[in-house]
Every structure is written in structure tokens, then in C-alpha cells.
Amino acid sequence: MNYHLTDDQRAIQDMARKFTADAITPNAAAWDEHKVFPREVIRRGAELGFGSIYIAEAMGGCGLGRLEAALIMEAMAYGCPSTSAFFSIHNMAAWMIDAFGDQVVKDAYLPKLITMEHMASYCLTEPGAGSDAAALKTTARRDGDHYVLSGTKAFISGGGENDVYVVMARTGGPGARGISCVVVEKDMPGVSFGAQERKLGWHSQPTSMVMFDNVRVPVANLVGEEGQGFRIAMAGLDGGRINIGACSLGGAQRCLDDAITYVKERNQFGQRIADFQSTQFTLADMATRLEAARALLYVAALKVSEGAADKTRFAAMAKLMATESGSAVVNNALQLHGGYGYLMDYPVERFFRDLRVHEILEGTSQIMRFVVGRSLVE
């Protein structure tokens, strides 16, 4: 797809690749093994604009589109999908404030989010409301010039570490129309966090439950209007799904490249395993799936940027294809490495673990099929 990229887009891609090669790839294995949250490296990325990719230029952001964001996420995921995904989630939460918040809430939070002096979490999922997000039970009861927020959010990236939480809570009746979006600060009285989750992958970013016990949040922290929270959350996910798909592409590309190198060097039965036709056929399938997923994802990114009528369907299609194809490519790369692929000495096992969650978060593969299928018959 490079022949479709502008000179500016290629320059952005090259910058992200250089940052990854210099700051992420050499450290990613240690971050994973020791569960290090690389806050200072992330802030170095923010110096390049990676904390405000599609925040409006008028607010100090980069004002880029979703294709540029996908190029950045894909490049960073080549070194560490977990760290790249953290940038994605921060950008999604900050964009929701920028796109739907009034000037008061934007001025209050965006300056430090843009530099990633403060980092943001997206809080939709609850212990009892995962795929059925509109069934969430966290409440925000109006009390004068405050909301009183009570409830629990689950699987929150950045939980316990991030400074800002963009929270979907119920201000009205049941269903999607009763949900609003508010910005909550880590240090507000009544905010607390569960223990860090013990995860299969994504070890370079913290994940925990976030609890709200009668937290008083100023009404000025409302994003959009009351009742718009679910729509705002879904708008955020259109771009988030593109980014997570891009993280799968970047991770899978790394594993394909590593597998090609490995099969050229490894000899069995008196020849390179790269010379066996079965190996070449496996590599061909891996490369074909990856390029097809990349092409669809780039198209979907453009549709989200342009606000196309079918942007949500294409974002779901792109996430579905990129995440499932990415995991399949990494699985085949591990198989081509044989027993060595199962060892932490080789990066492929880390990518295998990191990419698996991409088929679950921000809409499972089953929900993506539901979104696409429903849009086709409506």
C-alpha cells in the first residue's frame, strides 16, 4: 500500500519506525519479563506527537487522520504491541474529550494529555457489562453542581497509574440513552483501584479495576450532553478498533520477518528449512493474509477520518480481519520456529501472547461479526 501514501505519511511512518527501533524494540523483552511500565519512553513518544495524534491543532495536537494513526501504531507494535496499544487507548480517551467536550473541559485536561504528562484511560467495561456495554451499572447522580459517581470498571488499561479516566456512567434510565460521559481524576476522593491483573500478555502496561465510591465530579467535567455517553464511547471505538487492528498488523509483520530470517538460517535434513515447499507455502499464506488485512484496515481508517456512513462497519471488518489474521500469522511463525519459538529467547512467544487479547478488547471478534452482519441487513 506504500504507493498510496503521501510524502508526509511516509515521513510519519519513518519517524515512528525510528522511534520504535531506538526506544522500544531493544527494551520490549525486559518490559515484558519484568512487567515494566515504560512511562519515560512513552513520554518521549509524546514529544513526537504520539500522545495527540488526532487532537485538533487548535488545541495543540497534531490534527492527523486515522490512517496516519494506524501507521504509527503499526510501526510501534513491530517492537511492542502492548506499548503501542497503550498509546492507542490514551489517544482514544483524549480525542473523546477534544471531539465532544466543551472548551472548559478541553482546557482543563488536554494540555497535559497532549504531552502525556498526564495519561488517560477509557472506562466502559464493567464486571457485569462487557460485550453488553449498554447494560453498565455505574451511576452518576446529579447533586447540585456535581455528579456523585458510584460503581466499578473492569480491565482498565492504565488503571492505578494513569491520571485521567474518561468514564461512561448512567445518569438516566436503562439502556444506551441513559449513559453519559464524565472525566474523573485519579486523586478525587473516593477513587480507588484493584490489584494489578495477572495477564497472559500486555505486560508493559498496567491493568486493574477502577472503583468509584460516591466520587464527587464537577458537572463541568461532563463530555458532551447527558445521554450522549454511549454514542461518544462508540465513536471512540471506531478509531480504537482501527488502531488495535494496526497493532496486530505490526506485531504479525515482525513475526513474519523473524520467521523468514529463521527458516533461512535453520538446516534440517541436509538443507535450509526455507527450501522446503511446505515452508514456502506457509510463508505465502502468512504474507497474503497480512497484506489483505492491511489493505482493508487502511481503507477503513480513511472512512473513519472522512466520517463515511459505513465507517463503523468498515472499522469492525478491519479489526476482525486484522486481529484474527495477525494471530494466525504469529501462530504460524511460532510453528516455523519449532521448539525455539516456545522459548522466551525468541520474541515470537511474546507477540503470540500480546496479540491474543486483540480479538477480545474493544469488541470481541463475535461482536465485530454482529456489527457487520447487522449493518448488512438493516
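Above this text sits the structure in question.
Fair warning: this is a prediction, and the values are worked out from it, not measured in the lab.

Another point: the pairing of strand β4 (residues 164-170). Here β4 lies mainly inside the structure; 7 of its 7 residues are buried. Across the two faces of β4 the burial is the same, with Val164, Val166, Met168 and Arg170 and Tyr165, Val167 and Ala169 all buried. Pairing of strand β1 (residues 120-123) with β4, which is carried by 4 bridges, proceeds in the parallel orientation. For Ala120, the partnering residue across the bridge sits in β4 and is Val164.

Attention now goes to helix α8 (residues 277-306). When the terminal C-alpha atoms of α8 are compared, their 44 Å separation across 30 residues agrees well with the 44 Å that a helix rising 1.5 Å per residue should span. Just downstream of α8 lies Gly307, where phi reads positive at about 70°.

A complete count under the given rule lists 8 aromatic pairs for this structure. Arranged with centres 5.6 Å apart and planes meeting at 85°, the rings of Trp95 and Phe100 form a pair that is edge-to-face. Given the relative accessible area of 22%, Phe100 is considered partly exposed. Centroid distance Tyr262 to Tyr346: 6.1 Å. Interplanar angle 90°. Geometry classified as edge-to-face.

For Lys35, which is not glycine, the phi torsion reads 55° and is therefore positive. Within the element layout of this structure, Lys35 appears in the loop between α2 (28-34) and α3 (39-47).

Let us now look at the layout of surface pockets. Its boundaries defined by the atoms lining it, the largest pocket holds a volume of some 1100 Å³. Lining of the largest pocket is provided by 41 residues; of these, Thr125, Ile360, Leu361, Glu362 and Gly363 occupy positions nearest its centre. The leading source of residues in the lining of the largest pocket is helix α7 (residues 229-265), at 5 residues. By residue class, the composition of the lining of the largest pocket is 22 nonpolar, 9 polar and 10 charged.

For the rest of this paragraph, the subject is the packing of helix α1 (residues 7-24) against α3. As a packed pair, α1 and α3 sit with axes 11 Å apart at the nearest point and diverge in direction by 160°. Regarding the angle of α1 to α3, the classification is roughly antiparallel. As α1 runs across α3, the sense of the crossing is right-handed. Counting all contacts with α1, which are made through Phe19, Ala23 and Ile24, the residues of α3 involved are Val41, Arg44 and Gly45. Class assignment of the residues belonging to the contact of α1 with α3 gives a composition of 4 nonpolar, 1 polar and 1 charged.

What follows deals with the packing of helix α9 (residues 311-337) against helix α11 (residues 365-377). Taken N-terminus to C-terminus, the directions of α9 and α11 make an angle of 145°; their axes are 9 Å apart at the nearest point. Crossing of α9 against α11: the hand is left-handed. Mapping the contact onto sequence places Thr312, Arg313, Ala316, Met317, Lys319, Leu320, Thr323 and Glu324 in α9 and Ser365, Met368, Arg369, Val371, Val372, Ser375 and Leu376 in α11. Of the residues contributing to the contact of α9 with α11, the split by class is 7 nonpolar, 4 polar and 4 charged.

Turning our eyes to something else, we now look at α1. Taking 1.5 Å per residue, 18 residues should reach 26 Å; α1 reaches 25 Å between its end C-alpha atoms and fits that length. In this structure, the buried residues of α1 make contact with α2, α3, α4 (66-77) and α8.

Reading the values: rules and limits
Along each chain, the written sequence defines residue order, and numbers are assigned to residues from 1. With pLDDT at 70 or above as the cut-off, local features in this predicted model cover only qualifying residues; side-chain atom pairs require 80 or more to be listed or tallied, and sums for whole chains, interfaces and linings still use all residues. Calculated side-chain values reflect all of the structure's heavy atoms, with hydrogen atoms and water omitted. Relative accessibility under 20% of the residue-type maximum defines a buried residue, over 50% an exposed one, and the middle range a partly exposed one, all with a 1.4 Å probe and only protein chains included. Helix and strand definitions follow DSSP, with helices as H or I runs of at least four residues and strands as E runs of at least two, each counted in order from the N terminus. Only strands joined by at least two bridges in the DSSP assignment are considered to pair. Multiply 1.5 Å by the residue count of a helix minus one, and that product is the helix's expected span. Aromatic rings from Phe, Tyr and Trp, with only the six-membered ring used for Trp, were paired whenever their centres fell within 6.5 Å, and each pair was classed as stacked if the ring planes differed by under 30 degrees, edge-to-face if by over 60, and tilted otherwise. Buried and open spaces are told apart on a 1 Å grid over the protein atoms alone, a cavity being a set of points where a 1.4 Å probe fits but cannot get out and a pocket being an open set with protein on both sides within 12 Å along at least five of seven lines. Residues with an atom within 4 Å of a point are the lining residues. Grid points are joined across faces, edges and corners, and a volume is the space filled by probe spheres set on the points. The residue classification treats Ala, Val, Leu, Ile, Met, Phe, Trp, Tyr, Cys and Pro as nonpolar and Asp, Glu, Lys and Arg as charged. All others, Gly included, are polar. Each axis is a line fitted through C-alpha atoms, taken for helices only over the stretch in contact, and angles between the N-to-C directions span 0 to 180 degrees. Roughly parallel covers angles under 35 degrees, roughly antiparallel covers those over 145, roughly perpendicular covers 65 to 115, and oblique covers all other angles. In this scheme the handedness of a crossing depends on how the near helix is turned from the far one: anticlockwise by less than a right angle means left-handed, clockwise means right-handed. By definition in these notes, contact holds between two residues if any of their heavy atoms fall within 4.5 Å.

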